Amino acid sequence: MKYSIQEVQSMLGLHDVRLPFPHAEVSQLLTDSRSLVMPSESLFFALVTTNNDGHNYVEELYERGVRNFVIQSPQRVPRHVAENSNMLVVTDTLTALQDVAASHRRRFNIPVIAITGSRGKTTVKEWLYQLLSPDFHIVRSPRSYNSQIGVPLSLWEIDEATTLAIIEAGISTVGEMATLQAMIRPTIGVITNIGSEHNEGFSSMAEKAQEKAKILYNCDCIIYGADNQLVTHTIASLLEADVAQECAWSRVRTDVALSIRQIVTGSDSSLVDYFYAGELHTLSLPFNGDREIENAMTCLAVMLHLGITPQEIGRRMSQLTPVATRIDVIEGVNDCTVIVDGYDSDYSSLAPAVNFMMRRAGSRNTTLIMSDLKPDVYEGDELYIRVSELLRSKGVHRILGIGSQLNGPYRKYFADIAQSRFFASTKEFLEAMTQGDFENETILVKGAPGFDFEQIIHMLEVKQHQTVEQIDLNALAHNFQFFKSVIRPTTKTVGMVKASGYGTGSYEIAKTLQDRGADYLAVAVQDEGVDLRKADITMPIIVLNPSVVNYKSLFTYWLEPEIYNVEMCRQLIKEGLKYRREKPLPVHIKIDSGMHRLGFTREQLPEIIALLKDQDVLLPTSVFTHLCVADEPAQDAYTHMQAAYFTACADELQKHFDHHIMRHILNTSGIVRFPQYQMDMVRIGIGLYGIRTLYDGSESTLRPVATLQSVIISIKEWPAGTTIGYGRKGVLTRDSRIATVTIGYADGFDRHFGNGNAHMWVHGTLCPTVGNVCMDAVMIDVTDAQCKVGDTVEIFGEHIPVERLSDARQTIPYEILTSISPRVKRVYYRE
């Protein structure tokens, strides 16, 4: 839908605005310059956040053809851009974005479902989309666009053809939901549940529940699970006021609109008996997990409220497909990176996936492997014209399309994209393409259910070991934001990615930190920094232990070394004269304040100061030290002594230079415990990866980033007295079921973990190891677990903290994480 620029101006309550392009029309709201598709019809909102400022991208977007802007700091915009663009100046650009979306929403008298809750929002939204598409032309939130920024962008997709909107509403703190409610103006409010997830911004669970319930104000109908006591208690006042129809469901109570009388679960399905409107009905679900059943019951309540017949509901629910909310990033063949997005296959989900690919690709070529798309906001020719425009605007190098539509009437829209090929089926693709057709590129694989793209992924991935380390990039971003929240806004951050990101792999970690606004990265050795530069990481990189032989690489890749003795500094200056650039190379001066490992003492400072003053190859950019007992309160006196010693050394260094030399002393533990020593910068290490260094509750909100999983390949039953494994060390004391799991000491599962010294999580049961750990396998006792061959087991992660393994090994979590073998496949994902 398009609005004239004058209509947008009116939405914002602006008058007498100079409009060089008075006939401009707006169809796209843009908040991220990387998402630009249609410059001439885009309205860019220069949002100001804690990590970024949209005004920094106004000139770039102008050069790319954008002529419509909403800004709040006109002094930040170059004069030639301001004079030749439609500039709408407001007090706050986020509020302006929300005002435009709210005005747009008010033009449509349609049912709008708003979904909130602690978990399950996206699944319920996507299942409702699957279930209700035959009855409505639906607009829904893309992915998890449920924030103060995401909701306006979701609402903007509503147009004259829309007959139902399904919008997610997510909050992070008090005061946010009222704004979302005013924009969405839902007619049906859905609360999936209230749990402990995302508690950081609230003083209590009750406060969070009350905030979420604000989405229900002025709804015609409220849908919720009555077995969640907190939800029931929170919305009681709304129901007592009789302002909305209630449609509650319960597995326990019978005095509700939808009573779940019985659920019988099978190996991969469930039968549900429910009572509604005086009648008993049965439906079949193609899954058996508790959370999936809970989400399905919420969908059932919505469908019944909308008047869908129980018979039709049963037919549609039996065909529900899982919602893959993750984007996975895996190592591909021939130096490729493979991005797998199974979220959905429509235009709304394609655009964010392509944006993700382009950000990850950097300077590398890009290939999109996609199936025919499902119609959503667009269909037919319009759908594929929009797709071709999207891919062309992003500069995607190659398209490999699969399906009767892409290989048929719509392939003509991609004719001008070089190297594009189209296939009638996945089988035809696999017959025509080989691993040799892919090299040093970033590949996005996006296929609809039914196209069996797993075969394509299998062909492209370089490692197919069944032991996998899953890396949660959302958790990494959450942990980074936690540490950002406890430091001053002016304090910079260094993200520690040494030892290949503490064993998790440095590039995806570095890319995520770069996107989240970290100021520096730090690696241990020069080669790690070179690899990051080759992977298009552009932010400053500190090399902490530069035992340098190849000085040229430091200057070529602009890596900033730690300087810890005079001789290495002298050698670096000498070699730097050969490779120097127009500006000096930043270096970081290490002070030995008490670790007694590397660095200058106070007595050694005059010599290094004199050396640095007498040259222009290197620029002392920061001075720092390491705290050795920041996590031990009993030794705080030593930490304070280190801080005082460091400050004296830093003062001495600074007085000899005119430019400011940054100071940093705090590590993960220190950031939380010693805020008075934040100085100019802090270094976030193991805490980024969700590993707590303190157990006083101060780091309780950290989320584990790494999960190590493997697979059961055999289950056998043995009588008591049977011995298991090498050396016959495992002796069964009862009749037992013994499973073999494909992880061994060659994968990093230490031999000390055998003979019951470690457990694995198998479908809710902790199962001990039995016998010695082998090179490539280990046996566990699954007598008390419900499992079968092919099931996944967790070695550490959500259910088994990595600290439990380090305690068993009498070591620290660092060693466990960094010991995971390179042969273990790493899969990076984000929701």
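The rules we used
- Residues numbered from 1 in each chain as written.
- Predicted model: local features only at pLDDT ≥ 70, side-chain atom pairs only at ≥ 80, totals over all residues.
- Heavy atoms only, no water.
- Helix = DSSP H or I, 4+ residues; strand = E, 2+ residues; numbered from the N terminus.
- Buried < 20%, exposed > 50% of the residue type's maximum accessible area, 1.4 Å probe, protein only.
- Contact = heavy atoms within 4.5 Å.
- Areas by Shrake-Rupley, 256 points an atom, 1.4 Å probe, with all protein chains shown as cover.
- Lys, Arg positive; Asp, Glu negative; His and termini not counted.
- Charge placed at Lys NZ, Arg CZ, Asp CG, Glu CD.
- Pairing = 2+ DSSP bridges.
- Axes fitted to C-alpha atoms, helices over the stretch in contact; angles between N-to-C directions.
- Phe/Tyr/Trp six-rings, centres within 6.5 Å; stacked < 30°, edge-to-face > 60°.
- Salt bridge = Lys/Arg side-chain N within 4 Å of Asp/Glu carboxyl O.
- Parallel < 35°, antiparallel > 145°, perpendicular 65-115°, else oblique.
- Left-handed = near helix turned anticlockwise from the far one by under 90°.
- Nonpolar A, V, L, I, M, F, W, Y, C, P; charged D, E, K, R; others polar.
- Core = buried A, V, L, I, M, F, W, Y, C linked by side-chain atoms within 4.5 Å.
- Right-handed = clockwise from strand over helix to strand, strands pointing away.
- Polar contact = N/O pair within 3.5 Å; in protein donor to acceptor, adjacent residues only side chain to side chain.

Visitor: Got a minute to help me understand the overall build of the chain in this structure?
Guide: For the chain, the helix and strand inventory stands at 26 helices and 39 strands. Dimensions of the chain along its principal axes, counting C-alpha atoms only, are 90 × 90 × 60 Å. Out of the 831 residues in the chain, the part that is buried amounts to 57%. When contacts within the chain are restricted to residue pairs at least 6 apart in sequence, those whose partners lie at least 24 apart make up 66%. When the accessible surface of the chain is totalled, it reaches about 34300 Å², and 48% of it is carbon and sulfur. Charge centroids of the chain, computed over 78 positive and 99 negative side chains, lie 3 Å from each other.

Visitor: Would you mind going over helix 18 (residues 506-516) with me for this structure?
Guide: It helps to recall that an α-helix has 3.6 residues per turn; residues three or four apart then point in one direction. Among the 11 residues that make up helix 18, 9 are buried, leaving the element largely enclosed by the rest of the structure. Listed as buried for helix 18 are Ser 506, Tyr 507, Glu 508, Ile 509, Ala 510, Lys 511, Thr 512, Leu 513 and Gln 514. Looking at the residues trailing helix 18, positive phi occurs at Gly 517, about 95°.

Visitor: What is the right way to read the sheet that holds strand 10 (residues 188-191) from this model?
Guide: Strand pairing in a sheet relies on backbone hydrogen bonds. The paired strands run either parallel or antiparallel. Ordered by their spatial adjacency, 9 strands build an open sheet running 8-9-7-10-11-12-13-14-15, and the pairing between neighbours is mixed. Looking at which strands have only one partner, the edges of the open sheet turn out to be strand 8 (138-140) and strand 15 (279-285). On average, each strand axis in the sheet is inclined to that of its neighbour by 20°, with strand direction left out of account. Pairing between strand 14 (residues 270-276) and strand 15: 7 bridges, direction antiparallel. Following the sheet pairing, Tyr 274 is matched in strand 15 by His 281.

Visitor: How do you make sense of the packing of aromatic side chains when you look at a structure like this?
Guide: Two aromatic rings are characterised by how far apart their centres lie and by the angle between their planes. All told, the structure shown has 14 aromatic pairs when counted by the stated rule. Ring centres 6.5 Å apart and planes at 15° place the aromatic pair Tyr 410 and Tyr 413 in the stacked group. On the accessibility criterion, Tyr 410 (15% relative accessible area) is buried. Arranged with centres 5.9 Å apart and planes meeting at 45°, the rings of Phe 414 and Phe 422 form a pair that is tilted.

Visitor: Any chance you could explain the pattern of salt bridges here in plain terms?
Guide: Once the charged atoms of two side chains with opposite charge are near each other, the side chains can pair. Enumeration according to the criterion identifies 41 salt bridges in this entry. Glu 168 serves as the salt-bridge partner of Lys 125, at 3.1 Å between the closest nitrogen and oxygen. Taken as a pair, Lys 125 in helix 5 (residues 121-132) and Glu 168 in strand 9 (residues 164-168) lie far apart in primary sequence, 43 residues in all. Side by side, Lys 125 and Glu 168 carry an identical accessibility label, which is buried.

Visitor: Just checking my understanding: could you explain the packing of helix 21 (residues 566-579) against helix 22 (residues 605-613) for this structure?
Guide: Packed helix pairs are specified by the crossing angle of their axes together with the interaxial distance, meaning the distance between the axes. Running from amino to carboxyl end, helix 21 crosses helix 22 at an angle of 10°, the nearest separation of the two axes being 10 Å. Between helix 21 and helix 22, the angle falls in the class roughly parallel. Along the contact surface, helix 21 presents Val 566, Cys 569, Arg 570 and Ile 573, while helix 22 presents Glu 607, Ile 608, Leu 611 and Leu 612.

Visitor: Would you mind showing me how to read unusual backbone geometry here?
Guide: Comment: phi is negative for the bulk of residues other than glycine, and the bulk of peptide bonds are trans. One non-glycine residue, Tyr 502, lies in positive phi territory at about 50°. With respect to the element layout, Tyr 502 can be found in helix 17 (residues 498-502). The exposure class of Tyr 502 is buried, given its relative accessible area of 6%. With phi around 55°, Asn 755 is a residue other than glycine that occupies positive phi space.

Visitor: Looking at this structure, how should I read the packing of helix 8 (residues 205-213) against helix 9 (residues 229-240)?
Guide: Two numbers describe how helix 8 lies on helix 9: the axes approach to 10 Å, and their chain directions differ by 50°. As the angle between them shows, helix 8 and helix 9 are arranged oblique. Between helix 8 and helix 9 lies a crossing whose hand is right-handed. Note on element contacts: helix 9 touches helix 8 through Leu 230, Thr 234, Ile 235 and Leu 238, opposite Met 205, Ala 206, Ala 209, Gln 210 and Ala 213. A per-class count over the contact of helix 8 with helix 9 returns 7 nonpolar, 2 polar and no charged.

Visitor: I keep staring at the nonpolar core and nothing clicks. Help me out?
Guide: A general feature of soluble globular proteins is that nonpolar side chains tend to end up buried together. By size, the foremost hydrophobic cluster in this structure holds 175 residues, and its most contacted members are Ile 184, Leu 391, Phe 414, Ile 608 and Phe 796. Broken down by element, this core gets its largest block of residues, 7 residues, from helix 12 (residues 347-361). Listed in part, the 40 residues of the second largest apolar core include Leu 131, Leu 132, Leu 285 and Met 317.

Visitor: Before we go on, may I ask you to explain the pairing of strand 28 (residues 618-624) in this structure?
Guide: One face of the sheet, then the other: side chains in a regular strand alternate in exactly this way. With respect to burial, strand 28 is a largely interior element, 6 of its 7 residues being buried. Relative to strand 28, strand 27 (residues 585-590) runs parallel, the two sharing 6 bridges. Each bridged residue has a counterpart across the sheet, and for Lys 590 the counterpart in strand 28 is Phe 624. Here strand 28 runs beside strand 29 (residues 662-664); their pairing, made up of 3 bridges, is parallel. Opposite Ser 622, over in strand 29, you have Met 662 as the bridge partner. Handedness of the strand 28-helix 23 (residues 636-654)-strand 29 crossover: right-handed.

Visitor: For this particular structure, what's the right way to read the environment of Asp 328?
Guide: Looking at where Asp 328 falls in the secondary structure, it is placed in strand 16 (residues 327-331). Expressed as a C-alpha distance, the spacing of Asp 328 and Gly 342, which sit 14 residues apart in the sequence, is 8.8 Å. Every residue in contact with Asp 328, bar those within four places of it in the chain, is listed here: Val 338, Ile 339, Val 340, Val 827, Tyr 828 and Tyr 829. Engagement of the side chain of Asp 328 in a polar contact is seen with the side chain of Arg 326, the distance being 2.9 Å.

Visitor: Can you help me understand the sheet that holds strand 4 (residues 42-45) in this one?
Guide: With parallel pairing, 4 strands are arranged side by side in an open sheet as 3-4-5-6. Of all the strands in the sheet, just strand 3 (28-30) and strand 6 (86-89) have a single pairing partner and so form its edges. Strand after strand, the sheet turns through a mean of 20° between neighbouring axes, direction not considered. In terms of strand pairing, strand 3 meets strand 4 through 3 bridges, oriented parallel. Each bridged residue has a counterpart across the sheet, and for Leu 29 the counterpart in strand 4 is Leu 43.

Visitor: Can you help me understand the environment of His 80 in this one?
Guide: Along the chain, His 80 turns up in helix 3 (residues 79-83). Residues His 80 and Gln 642, spaced 562 residues apart in sequence, show a C-alpha to C-alpha distance of 53 Å. For His 80, the residues in contact, after removing those within four places along its chain, are Glu 59, Tyr 62 and Glu 63.

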